[in-house]
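# A closer look at the structure
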Amino acid sequence: MKIKLCVLGLPGSGKNTVGELLKTNYPNVDICDVGSALRQRAEADKHIKDTHKEGGLVSSDRVMGIFEEYLAKDEWILLGSPRRPNEAQWILDGNSDPGYLVYLKVPYEVAKQRLLSRGRFDDTEEVISRRFADFETYTMKSIELYQEANRLIEVDATRSPEEIVLDIRAKLLDVTY
């Protein structure tokens, strides 16, 4: 079975932590942490820097430019994308095998506490509120598109990262590529 996954959830749902564990389970799969890639490019790109500082979503053209190369590979995992419905539709329409979207479902309060405890510069109450609003406005529509395409894997992200990865692996066995 080829691994082709997008991993989404609220900010603070554990995407990066789960991604690190998935990498140990699937060592030959290329993982693209879109958020980290954007933060690395922020110093050279004023749009990305300003958007991150405000807690907004970076424009789709910049995001799709980052993960486009991964989608051409045999196996891939995208962490934190597609956040906008047009990005999700682009993946679903543009690939002979668009893979599955793993939705790390976690209550808002749990995610907020995780974010406030990690101490990153952009994890302020105001920015977190905006990021949660963007999740509801945009990202939930991406998740719904994958659900409509029967390509959604939903997991309870309140558990330990190890339990989450075991759940993802078990659910992947239930789907056919």
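Residues numbered from 1 in each chain as written. Predicted model: local features only at pLDDT ≥ 70, side-chain atom pairs only at ≥ 80, totals over all residues. Heavy atoms only, no water.

### Focus: the pairing of strand β5 (residues 152-156)
Heads up, the rule is: Throughout this description, buried means an accessible area under 20% of the type-specific maximum (1.4 Å probe, protein chains only), exposed means over 50%, and partly exposed covers the range between. Runs of E in the DSSP output that reach at least two residues are strands. Runs of H or I that reach at least four are helices, and both are numbered from the N terminus. Note on pairing: DSSP must find at least two bridges between two strands before they are called paired.
Burial along β5 is one-sided: Ile 153 and Val 155 are buried, while Leu 152, Glu 154 and Asp 156, pointing the other way, are not. As paired elements, strand β4 (residues 100-105) and β5 share 5 bridges and run parallel to each other. Opposite Val 102, over in β5, you have Ile 153 as the bridge partner.

### Looking at the packing of helix α5 (residues 85-94) against helix α7 (residues 125-148)
The angle between the axes and the distance between the axes are what describe a pair of packed helices. Selection rule: Only the contacting stretch of a helix is used when fitting its axis, a line to C-alpha atoms as for every element, and angles between N-to-C directions run 0 to 180 degrees. Orientation is classified from the angle alone, with under 35 degrees giving roughly parallel, over 145 giving roughly antiparallel, 65 to 115 giving roughly perpendicular, and any other angle giving oblique. By the definition used in this description, the sense in which the near helix is turned from the far one sets the handedness, with an anticlockwise turn below a right angle giving left-handed and a clockwise turn giving right-handed. Should any heavy atoms of two residues lie within 4.5 Å, those residues are counted as being in contact. Side-chain classes follow a simple rule in which Ala, Val, Leu, Ile, Met, Phe, Trp, Tyr, Cys and Pro form the nonpolar group, Asp, Glu, Lys and Arg form the charged group, and the remainder, Gly included, forms the polar group.
Running from N to C, α5 and α7 point in directions that differ by 25°, and their axes come no closer than 8 Å. Between α5 and α7, the interaxial angle falls into the category roughly parallel. Considering how the two elements wind past one another, α5 and α7 form a crossing that is right-handed. Mapping the contact onto sequence places Pro 85, Ala 88, Gln 89, Ile 91 and Leu 92 in α5 and Tyr 138, Lys 141, Ser 142, Leu 145 and Tyr 146 in α7. Taken together, the residues that form the contact of α5 with α7 break down as 7 nonpolar, 2 polar and 1 charged.

### Brief notes about the packing of aromatic side chains
For any pair of aromatic rings, the description rests on two quantities: the centre-to-centre distance and the angle between the ring planes. The condition is simple: Put simply, two rings from Phe, Tyr or Trp (the six-membered ring, in Trp's case) pair if the centres are within 6.5 Å, and we call them stacked under 30 degrees between planes, edge-to-face over 60, tilted for the rest. Geometrically, a charge over a ring is one whose NZ (Lys) or CZ (Arg) sits within 6 Å of the ring centre while staying within 35 degrees of the ring normal.
The tally for this structure, following the rule as stated, stands at 2 aromatic pairs. Seen in terms of ring centroids, Tyr 108 and Phe 132 are 5.1 Å apart; in terms of plane orientation they differ by 70°. Their pairing is edge-to-face. A residue pair is termed long-range when its members are at least 10 positions apart, and Tyr 108 in helix α6 (residues 108-118) and Phe 132 in helix α7 qualify at 24 residues. Owing to a relative accessible area of 32%, Tyr 108 belongs among the partly exposed residues under this scheme. Geometry around Tyr 70 places Lys 73 over its ring, the cationic atom sitting 4.7 Å from the centre. If you follow Arg 151 out to its NZ or CZ, it ends over the ring of Tyr 100, 4.9 Å from the centre.

### Regarding unusual backbone geometry
Glycine aside, residues mostly have negative phi angles, and peptide bonds mostly take the trans form. Geometrically, the link from Ser 81 to Pro 82 is a cis peptide bond, its omega value of 10° lying close to zero. As for its position among the elements, Pro 82 is in the loop between β3 (76-79) and α5. The backbone of Asn 150 sits at a positive phi, close to 55°, despite the residue not being glycine. Summarising the element assignment, Asn 150 is placed in the loop between α7 and β5. The class for Asn 150 is exposed, based on a relative accessible area of 67%.

### Digging into the environment of Ile 91
Relative to the helices and strands, Ile 91 is located in helix α5. On the accessibility criterion, Ile 91 (0% relative accessible area) is buried. Sequence-wise, Ile 91 and Tyr 108 are 17 residues apart; in three dimensions their C-alpha atoms are separated by 27 Å. In this structure, Ile 91 is in contact with Cys 6, Phe 67, Leu 71, Leu 78, Pro 82, Pro 98 and Tyr 146, ignoring residues within four places of it in sequence.

### Remarks on the pattern of salt bridges
Spelled out, the test is: We define a salt bridge as a side-chain nitrogen of Lys or Arg found within 4 Å of a carboxyl oxygen belonging to Asp or Glu.
One pass over the full model with this rule turns up 15 salt bridges. Notably, a salt bridge pairs Lys 2 with Asp 74, separated by 3.8 Å at the nearest N-O pair. Taken together, the positions of Lys 2 in the segment before β1 (4-9) and Asp 74 in the loop between α4 (60-71) and β3 put the pair 72 residues apart, joining distant regions of the chain. Given the relative accessible area of 42%, Lys 2 is considered partly exposed. Linking Glu 54 and Arg 130 is a salt bridge whose minimum nitrogen-to-oxygen distance equals 3.8 Å. Residue Glu 54 is found in helix α3 (residues 46-54), and its partner Arg 130 is found in helix α7; the two are separated by 76 residues along the sequence. Residue class for Glu 54 comes out partly exposed when judged on its relative accessible area of 49%. Connected through shared salt-bridge partners, Arg 118, Asp 123 and Arg 131 make up one network.

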